[in-house]
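# A closer look at the structure
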Amino acid sequence: MRFLMLCALLLSVGLARADALVSTEWLAAHLDDPQIRLFEVSVAPEQYDAGHIPGAFNLDWHTDLVDPVRRDIAPREQLQAQLRAAGVDAHSTLVLYGDNHNWFAAWGAWIFETYGLEQVKLLDGGRIKWELEGRVLTREASTAKPSQLILPEASERYRARLGDVVDAAQGRTDVALLDIRSPDEYQGRVIAPAGSLELSMRAGHVPGAVNVPWSKVVQPDGRFRPVEELRALYQRVGIDGQRPVITYCRIGERSSHSWFVLHRLLGYPARNYDGSWTEYGNSVGVPIDNPAGTVWRGR
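Just so we're clear, the structure is a prediction, and the values are computed from it rather than from any experiment.

So, on to the sheet that holds strand E10 (residues 245-248). Taken together, the four strands give an open sheet; going across it, the order is E9-E8-E10-E11, and neighbouring strands pair in parallel fashion. If you trace the sheet from one side to the other, it starts and ends with strand E9 (210-211) and strand E11 (270-272), each paired once. Pairing between strand E8 (residues 176-179) and E10: four bridges, direction parallel. Paired with Ala 176 across the strands is Val 245, a residue of E10.

Right, dumping it as structure tokens:
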């Protein structure tokens, strides 16, 4: 029985990875495919104007993928309008890429899946690999015949909320917590990376959370590490797909990158906590672990 379960797990992992990524070679050969809709989602959205992959549409994560007033993901009507303008319909395959190892491209993929879009893939290596290979970039604006796409309401299937994390931290649910921030953030030596605008009043991590920084899942050329390496990386901290996982970081974007690895590359049950440390660390009455013992000003 255990052998059959292992075989099923390995099969699901292989299928998950094959369905999750496209190579630069594949994309170069499919740039004119009318079923492909390509989006750039970069940490620095202005890179798009300086040069982007031909046919790509730009999604600015500051404005297009969020509701800045409510601090929430983009409303259905807002995202639907963006996708319609790019010609996305029910038969489209959506390929996302971006800078910085696909940080925000993964954020976009998470939001797309939250709104029920199933044919979503990342360009393995993102901008880094495309540029390293000297592939063509253009400044020409992309256009498409607008579609009549109808998005469903957002699902909670891949999204964790504050209450879910508190329940896991206090042992009320059998859910693994994965903190993907830097070791200094996890230990409480710093609140956030240098230059960050979104801050918490407290430093540390959610009790019971294990730390696997997002950077450990990628290679220098931007690609994800092989599945067997990713599986071993998480197994070392007790994450093996046998129980659900909640990922978190500071504002939810780095954790969507690790969510993509767990959910799409490994086939593990995973949710992303987009409130992350800026919500959890600012909440009143919730437990934290602060190994560094750092005391910050404020309540």
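Within this structure, the stated rule accounts for eight aromatic pairs. When the centroid spacing of 6.2 Å and the interplanar angle of 40° are considered together, the rings of Phe 39 and Phe 57 count as tilted. Pair noted here: Phe 39 is in strand E2 (residues 36-40) and Phe 57 is in strand E3 (residues 56-58), with a separation of 18 residues, a long-range link. Residue Phe 39 shares its accessibility class with Phe 57, and that shared class is buried. Summarising the aromatic geometry, the rings of Trp 103 and Trp 214 are spaced 5.2 Å apart at their centres and angled 75° between planes, so their arrangement reads as edge-to-face. On the criterion of sequence distance, the pair formed by Trp 103 in helix H5 (residues 103-114) and Trp 214 in the loop between E9 and helix H9 (227-235) is long-range, its members being 111 residues apart. In this structure, Trp 103 and Trp 214 share a single accessibility class: buried. Members of the aromatic cluster, each reached through a chain of ring pairs, are Phe 39, Phe 57 and Phe 112. When the ring centre of Trp 130 is taken as reference, the NZ or CZ atom of Arg 135 above it lies at 5.6 Å.

Rules of the game
Residues numbered from 1 in each chain as written. Predicted model: local features only at pLDDT ≥ 70, side-chain atom pairs only at ≥ 80, totals over all residues. Heavy atoms only, no water. Pairing = 2+ DSSP bridges. Helix = DSSP H or I, 4+ residues; strand = E, 2+ residues; numbered from the N terminus. Phe/Tyr/Trp six-rings, centres within 6.5 Å; stacked < 30°, edge-to-face > 60°. Buried < 20%, exposed > 50% of the residue type's maximum accessible area, 1.4 Å probe, protein only. Lys NZ or Arg CZ within 6 Å of the ring centre and 35° of its normal.

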